[in-house]
Amino acid sequence: MKTQILNQKNSGSMTRSNSLFAKRILNVILSAAVIITVALFSSCQKEDPDKDSIVPERFKVEIPKSISSNTSKKTAQVDTISGNDIYEHLRNFINLGEGAAELTENVMLMIALNNLNRPLELTIVSDSDGRQKHISIIENVTFESKTYQYRMTVTDIDDVPAKMYSDYTTNIALQVFWNLAPIDGISILNSYNIDRNTDEKFMNTYYRVEYSETGSLGYDQHMVVTVTGIPLPPANEHIFGVSTVKMFAGKKGDIVSIYGNTEHPNAQFFTEQTGFNWAFVAAGSKSLDIAVAEVGLPPVTLDSDDRYTLLEEYSIYNVFRNQILLTWPTINPEVLDAYLYHAQAPGYFNQYGFVQGGEAPNSAYAPLEELIEALVPYNPTHIGALDVRFQE
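Here's a quick rundown of the structure. Since the model is a prediction, treat every value here as computed from it, not as a measurement.

1. Some words on the pairing of strand S13 (residues 353-357)
- Strand direction decides the pairing type here: strand S12 (residues 347-350) and S13, joined by four bridges, are antiparallel. Bridged to Phe349 within S13 is Phe354.
- Linkage of S12 to S13, two consecutive antiparallel strands, is achieved through a turn of two residues.

2. Considerations on the pattern of salt bridges
- The tally for this structure, following the rule as stated, stands at 15 salt bridges.
- In the salt-bridge network here, residues are joined through shared partners; they are Asp129, Arg131, Lys133, Asp156, Asp158 and Arg196.

3. Side note on the nonpolar core
- Core analysis: the largest hydrophobic core is formed by 69 residues, its most contacted members being Ile63, Ile67, Met223 and Ile258.
- Here the element with the most residues in this core is helix H3 (residues 83-113); it accounts for eleven residues.
- Among residues more than four places away in sequence, those in contact with Ile67 are Leu90, Arg91, Ile94, Ile258, Ala282, Ala291, Ala293 and Phe349.
- Val281, Tyr365, Ile372 and Tyr378 belong to the second largest nonpolar core, which has 18 residues in total.

4. Examining a negative patch on the surface
- On the surface, Asp303, Asp305, Asp306 and Glu313 cluster together into a patch of negative charge.
- Note on placement: Asp306 falls in the loop between strand S11 (290-296) and helix H5 (307-313).
- With a relative accessible area of 36%, Asp306 lands in the partly exposed category.

5. Comments concerning the packing of aromatic side chains
- Scanning the entire structure with this criterion turns up 17 aromatic pairs.
- An angle of 15° between the planes, with centres 4.7 Å apart, marks the rings of Phe248 and Tyr259 as stacked. With Phe248 in strand S8 (residues 244-252) and Tyr259 in strand S9 (residues 255-264), this pair connects stretches of sequence that are eleven residues apart.
- Chaining the aromatic ring pairs together yields one cluster made of Phe240, Phe269, Phe270, Phe276, Phe320, Trp328 and Tyr339.
- Its guanidinium or amino end placed over the ring of Tyr378, Lys246 lies 4.5 Å from that ring's centre, counting from NZ or CZ.

6. Let's talk about the environment of Val355
- For Val355, the position within the fold is in strand S13.
- The sequence separation of Val355 and Glu88 amounts to 267 residues, and the corresponding C-alpha distance is 9.7 Å.
- Setting aside residues up to four positions removed in sequence, Val355 forms contacts with Tyr348, Phe349, Asn350, Pro361 and Tyr365.

Quick notes on the rules
Residues numbered from 1 in each chain as written. Predicted model: local features only at pLDDT ≥ 70, side-chain atom pairs only at ≥ 80, totals over all residues. Heavy atoms only, no water. Pairing = 2+ DSSP bridges. Helix = DSSP H or I, 4+ residues; strand = E, 2+ residues; numbered from the N terminus. Salt bridge = Lys/Arg side-chain N within 4 Å of Asp/Glu carboxyl O. Core = buried A, V, L, I, M, F, W, Y, C linked by side-chain atoms within 4.5 Å. Buried < 20%, exposed > 50% of the residue type's maximum accessible area, 1.4 Å probe, protein only. Contact = heavy atoms within 4.5 Å. Patch = residues over 30% accessible without salt bridge, like charges linked within 9 Å, V, L, I, M, F, W, Y side chains within 5 Å. Areas by Shrake-Rupley, 256 points an atom, 1.4 Å probe, with all protein chains shown as cover. Lys, Arg positive; Asp, Glu negative; His and termini not counted. Charge placed at Lys NZ, Arg CZ, Asp CG, Glu CD. Phe/Tyr/Trp six-rings, centres within 6.5 Å; stacked < 30°, edge-to-face > 60°. Lys NZ or Arg CZ within 6 Å of the ring centre and 35° of its normal.

The structure is reproduced here in structure tokens:
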């Protein structure tokens, strides 16, 4: 029976599908960072760096590697659901969010090194796709009812009449809004307009990073990363493909708190039920490089922001157990318990990745266990309704 369950919906294949897809999207984000940096480095006149730069020095929260990674361990097929299979891909999706934020930092570095440190308008030809890109930096812009000191906009204008540059919004590739002292801003990106060699299936994929050091939410730094319009792979190839990601990360002292959701419209486990929202909370210590995480699997149609509902009622253990019993109602209870052994919450991580589930390896994890009890993922129905857009 245990082998039958593994063959029905192998948890290892779930991890590999998620992991490969996360890496694919992360590669798009990181390649976009290289593209825009190289394009502007090669096209703008470089001068000595200005000591009075308008560019923020930081634009992301650095997440401990214990809970953020773009690699996944290969595990042998065994008769229990491996904690590594369940939790390891959490690190990939957190790394995806961190990669989107890293892109914004790279763009800011590009601005600083090229002395784009004042209001300006210029046009370049991208080395990546050979198309014209228009760069605009203006002051005192209001976006979403908030005023920012600066806004930078990069637009693909190869097919746009010159007289329309200033108000043409269809081909916007990048917008960054920011304030200084304290640093506070928003970055929005469309990689297809940055480089038209990007596959057309990413035309409607948008990345948004909100970053702040204002302390408004009780953290030294915090960021919210949103990725929408991710093209889903065919369900028969990767049923766990992700369409939307939203993640919060806040750093206070040595500790980073994280919560968020990924939406998987084609996901199935042990029944024919389709469409799950992967909800998570986590906390990690940068100095100790350890982390604790808890994951829930609510349906994408669930309209709730209640922690108990999202992470306990729909815990991995409960969802898997209920679905297995629906499919194999006469399964031996001992076999089922063994199969679900590592599905217990929370999951514990160290510098090498997942360690175990259910019980902490040692007392160093206690503060992180306590911290995640106050964290709540987003409402699944809100994730499905997210719509990232540029300022027009």
